[in-house]
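What the coordinates show
These are the residues of each chain, in order.
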Amino acid sequence: MNRENLIIFDTTLRDGEQSPGASMDIDEKVQIAKALEELNVDVIEAGFPIASKGDFKAVSEVSKAIKKSTVCALARALDKDIIAASEALKHASKKRIHTFIATSPIHMEKKLKMTPSEVIERATSAIKIAKTFTDDVEFSPEDAGRSDLDFLCKVIEHAINAGATTINIPDTVGYNLPHQFGNLIKNILSNVKNSNNAIFSVHCHNDLGLAVANSLSSVLNGARQIECTINGLGERAGNAALEEIVMTVRTRQDIFKCDTNIKSKKIMKCSRLVSSITGFPVQPNKAIVGKNAFAHESGIHQDGVIKSRETYEIMRAEDVGLVSNSLVLGKHSGRNAFKQKLKELNIEYLDDNELDQLFFAFKELADKKHDIFDEDIIRLSNKQELTGDIIQFKYMKVSTESGHKPAAEIKLEVDGEVKESKCEGDGAVDAAYNAIEKIVNSGCKLVLYSVNNITTGTDAQGEVTVRITKNNTIVNGHGADTDIVKASVLAFINALNKLQQNPDLSATKKRGI
Ligand code: KIV
Ligand code: ZN
């Protein structure tokens, strides 16, 4: 059977970043965009350029870094938004402008204070302006899930006539049920006269936990693009999870007439990268990418799987990038075994130099930790180092004792000069952070501190993500170590270096929509 293509439009860097508490700096966005390109997503929505300088720069940097996937920028149906989007996309090999305006009665009346005909007018004029910059224009009638069907069809018909090549139907507030949303797509496709001239897309939010179900129901009814995010990150309860959409369609090819271009073996790597950058751990029982997604605890299940895998498994762990035997290397493993492991895990590296760096980091870790698991290696490969750090970690000593205030001694090299300090705190991490701040005197505010264990066991690496802000600038820092206080110190230093070295790199907080 000749399968139709289901386009995967990833919005982790735009709607995903609108997730409360999630914020990525520009380098991190580029890193995620590259991982999405490796995953083979068709379209990467890189940001909302008019929202802030940081967002503009992020779209521009992603545009320079990405060659195969289409890079998309979001714009309200306003000239200035569309011009900003087109400028930010200037360097993209393949570019798309995504413009939107709300069409539900409540949004038009209360938020936009516009009449339905003014909305149509604004939408068509925005599409026509976008068309002057690129042929690839997507239009979204925001809150379509609560819009009047006849009006919605009318707006869409005008949008297609104005040149929109993709029509995206958002369930902005996650209100629809699967049968209802599927019917909406079916009705739109049959009622809009020129529907053949555009690809129909859906964008579902997860307020009732139905984003994936609603998206899939719409695919069964003719949608051929899904907007989704890694780990289901996104505004409020999030967006439809890319990994769940892709694996459902692929696992149930008996039901779906289409398939995606996604290289599913790269899913796990992307999921871990997004989790580590945002500091949002993935829940253990999360479908596809949770730690327990392929783990069998019950004896009956284990027995069944040993006899025949299909008794309890509908997908293979390898197909999402987990290798079945996850205990891998140790201190004595050589470069070749390490290289082989990278291959099994689908981890790519640029050249021998990068391989050497990875191998060195692996050896350092193996000195501290007896068993190195796949997760540890994936973490090593996701490590993002800044070269020429101004602040270098030299030494730390922390003491905690019942009945005494925790204290930390820290030694750092700042711009070539070794400096030390000693501070107390409410806990070991707090004491260490106080000591670092006493040396660096950054004046930053810590807005996120998150610890996640990379594998299990008391010798597991703790992965720490911190987020600091100063003068409207936000940066993330990451650190991993078998000692979580040290991981915390490294994460803080990493963030401080980003803040000091290159303030322009950071995305500034925005809430544009
Ligand atoms: O949820 C929504 O409606 C959006 C649009 C901008 C597509 O994110
Ligand atoms: Zn959205």
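What you see is a predicted model; the values in this text were computed from it and never measured.

1. A few points about the coordination of the zinc ion (ligand 2)
- Protein coordination at the zinc ion (ligand 2) comes from Asp 15 (OD), His 203 (NE2) and His 205 (NE2), with a distance range of 2.0 to 2.1 Å.
- Linear spacing of the donor residues for the zinc ion (ligand 2) on their chain is D-x187-H-x1-H. One end of the pair, Asp 15, is in the loop between strand S2 (7-10) and helix H1 (26-39); the other, His 203, is in strand S8 (residues 199-204), and 188 residues separate them in sequence.

2. A short note on the nonpolar core
- Grouped together as the largest cluster of nonpolar side chains are 90 residues, with contacts concentrated most on Leu 39, Phe 139, Ile 156, Ile 167 and Ile 169.
- The element best represented in this core is helix H6 (residues 149-162), accounting for eight residues.
- Composition of this core by domain shows at least three residues from each of domain 1 (4-262) and domain 2 (299-382).
- Aside from chain neighbours lying at most four places away, what touches Leu 39 is Ile 230, Leu 242, Asn 261, Ile 262, Lys 263, Lys 266, Ile 267 and Cys 270.
- By size, the runner-up hydrophobic cluster in this structure holds 30 residues, among which are Ile 410, Ala 487, Phe 492 and Leu 496.

3. Quick notes on the site of ligand 1
- Close to ligand 1 lie Arg 14, Asp 15, His 98, Phe 100, Ser 140, Glu 142, Asn 168, Pro 170, Thr 172, His 203 and His 205.
- Take His 203: an N or O atom from its side chain is 3.1 Å from an oxygen atom of ligand 1.
- Interatomic distance of 3.0 Å between a side-chain N/O atom of His 205 and an oxygen atom of ligand 1.
- When ligand 1 sits alone it has 260 Å² of accessible area, and the protein chains cover 96% of it.
- Where the shell around ligand 1 is concerned, the elements lending two or more residues are strand S5 (95-102), strand S6 (137-142) and strand S7 (166-171).
- Within the shell around ligand 1, the residues separate by chemical class into two nonpolar, six polar and three charged.

4. A few points about the domain arrangement of the protein
- When the domains of the protein are assigned, the result is domain 1 (4-262), domain 2 (299-382) and domain 3 (391-501).
- Each of domain 1 and domain 2 has a C-alpha centre, and the two are 35 Å apart.
- Between domain 1 and domain 2, the residue contacts involve four residues of the former and six residues of the latter.
- Of the roughly 380 Å² buried between domain 1 and domain 2, counting both surfaces, carbon and sulfur atoms make up 60%.
- When the buried surface of domain 1 facing domain 2 is broken down by residue, Glu 38, Met 247 and Thr 251 rank first, second and third, together holding 84% of it.
- Seen at the junction of domain 1 and domain 2, the total is zero salt bridges.
- Looking at the side of domain 1 that touches domain 2, the elements with two or more residues in it are H1 and helix H9 (242-251).
- Of the residues contributing to the side of domain 1 that touches domain 2, the split by class is one nonpolar, two polar and one charged.

5. Some details on the confidence of the model for the protein
- Per-residue confidence for the protein averages 91 on the pLDDT scale, and 95% of its residues sit at or above 70.
- Of the regions scoring below 50 in pLDDT, residues 508-512 engages in 18 contacts with residues more than four places distant in sequence or in other chains.

6. Observations regarding the pattern of salt bridges
- This model, assessed by the stated rule, comprises 31 salt bridges.
- Lys 29 is paired through a salt bridge with Glu 17; the nearest N and O atoms lie 3.1 Å apart. Of this pair, Lys 29 sits in helix H1 while Glu 17 sits in the loop between S2 and H1, and the two are twelve residues apart along the sequence. Glu 17 carries the same exposure label as Lys 29, and that label is buried.
- Salt-bridge contacts for Lys 29 lead to Asp 55; the nearest nitrogen and oxygen are separated by 3.2 Å. Taken together, the residues Lys 29 in helix H1 and Asp 55 in helix H2 (residues 53-65) connect sequence positions 26 residues apart. Per residue, the accessibility class of Lys 29 equals that of Asp 55, and both read buried.
- Salt bridges sharing partners connect three or more residues here, namely Arg 14, Asp 15 and Glu 45.

7. Focus on the packing of aromatic side chains
- One pass over the structure, following the stated rule, counts six aromatic pairs.
- On the basis of an interplanar angle of 15 degrees and a centroid distance of 4.3 Å, the ring pair of Tyr 433 and Phe 492 is categorised as stacked. Residue Tyr 433 is located in helix H15 (residues 428-440), and its partner Phe 492 is located in helix H16 (residues 484-501); the two are separated by 59 residues in the primary sequence. Phe 492 matches Tyr 433 in its accessibility class, with the two residues each being buried.
- Linked through ring pairs, Phe 338, Phe 359 and Phe 362 together constitute an aromatic cluster.
- Directly above the ring of Tyr 395 sits Lys 411, whose terminal nitrogen or CZ lies 5.5 Å from the centroid.

8. What to know about H1
- For H1, spanning 14 residues, the distance from its first C-alpha to its last is 20 Å, which sits close to the expected 20 Å at 1.5 Å a residue.
- Counting buried positions along H1 yields eleven of 14 residues, so the element is predominantly enclosed.
- Restricting attention to buried positions, one finds in H1 the residues Ile 26, Glu 28, Lys 29, Val 30, Gln 31, Ile 32, Ala 33, Ala 35, Leu 36, Glu 37 and Leu 39.
- Asn 40 sits one or two residues past H1 and shows a positive phi near 80 degrees.

9. As for the state of the cysteines
- If you walk through the whole model with that rule in mind, you get zero disulfides.
- In this model Cys 270 remains outside any disulfide bridge; the closest cysteine sulfur is found in Cys 228, 11 Å from its own.
- On the basis of relative accessibility, which here comes to 2%, the residue Cys 270 falls in the buried class.
- Just so you know, Cys 423 is unpaired, no disulfide at all, and the nearest cysteine sulfur is the one on Cys 444, 14 Å from it.

Rules used throughout
Throughout, a residue's number is its position along its own chain's written sequence, starting from 1. Working convention: letters from A go to chains and numbers from 1 go to ligands, in the order in which they are written. For a predicted model such as this one, the threshold for reporting local features is a pLDDT of at least 70, and the threshold for listing and counting side-chain atom pairs is 80 or more; totals across whole chains, interfaces and linings nevertheless cover every residue. Side-chain metrics in this entry use all non-hydrogen atoms of the structure; hydrogen atoms and water are not considered. Distances decide who is a donor: an N, O or S atom must be within 2.8 Å of the metal, or within 3.2 Å for Na, K and Ca. Water is not included, so sites may look incomplete. Think of it this way: any DSSP run of H or I at least four residues long counts as a helix, any run of E at least two long counts as a strand, and we number them from the N terminus. What we call a nonpolar core is a set of buried Ala, Val, Leu, Ile, Met, Phe, Trp, Tyr and Cys residues that are connected through their side-chain atoms within 4.5 Å. Throughout this description, buried means an accessible area under 20% of the type-specific maximum (1.4 Å probe, protein chains only), exposed means over 50%, and partly exposed covers the range between. Each domain span listed reflects an automatic or database assignment of domains. When checking whether two residues touch, look at their non-hydrogen atoms; a contact exists if any pair is within 4.5 Å. Nearness of a residue to a molecule or strand requires only that one of the residue's heavy atoms be within 4 Å of it. Polar contacts, as used here, are pairs of N or O atoms within 3.5 Å; protein pairs need one atom able to donate a hydrogen and one able to accept it. Residues neighboring in sequence count only if both atoms are side-chain atoms. Computed with a 1.4 Å probe, the accessible areas rest on the Shrake-Rupley method; for each residue, only the protein chains presented here act as cover. Residues were grouped as follows: Ala, Val, Leu, Ile, Met, Phe, Trp, Tyr, Cys and Pro as nonpolar; Asp, Glu, Lys and Arg as charged; and all remaining residues, including Gly, as polar. What counts as buried area is the accessible surface, traced by a 1.4 Å probe, that two parts surrender upon association, with contributions from both included. One side-chain nitrogen of Lys or Arg within 4 Å of one carboxyl oxygen of Asp or Glu is enough to make a salt bridge. By definition, pLDDT measures how confident the predictor is in each residue, and it falls between 0 and 100. Stacked, tilted and edge-to-face pairs are distinguished by plane angle, under 30 degrees for stacked and over 60 for edge-to-face with tilted covering the rest, among Phe, Tyr and Trp rings (Trp via its six-membered ring) whose centres lie within 6.5 Å. The criterion for a charge sitting over a ring is simple: Lys NZ or Arg CZ within 6 Å of the ring centre, and within 35 degrees of the ring normal. Multiply 1.5 Å by the residue count of a helix minus one, and that product is the helix's expected span. The criterion for a disulfide is a pair of cysteine sulfur atoms lying within 2.5 Å.

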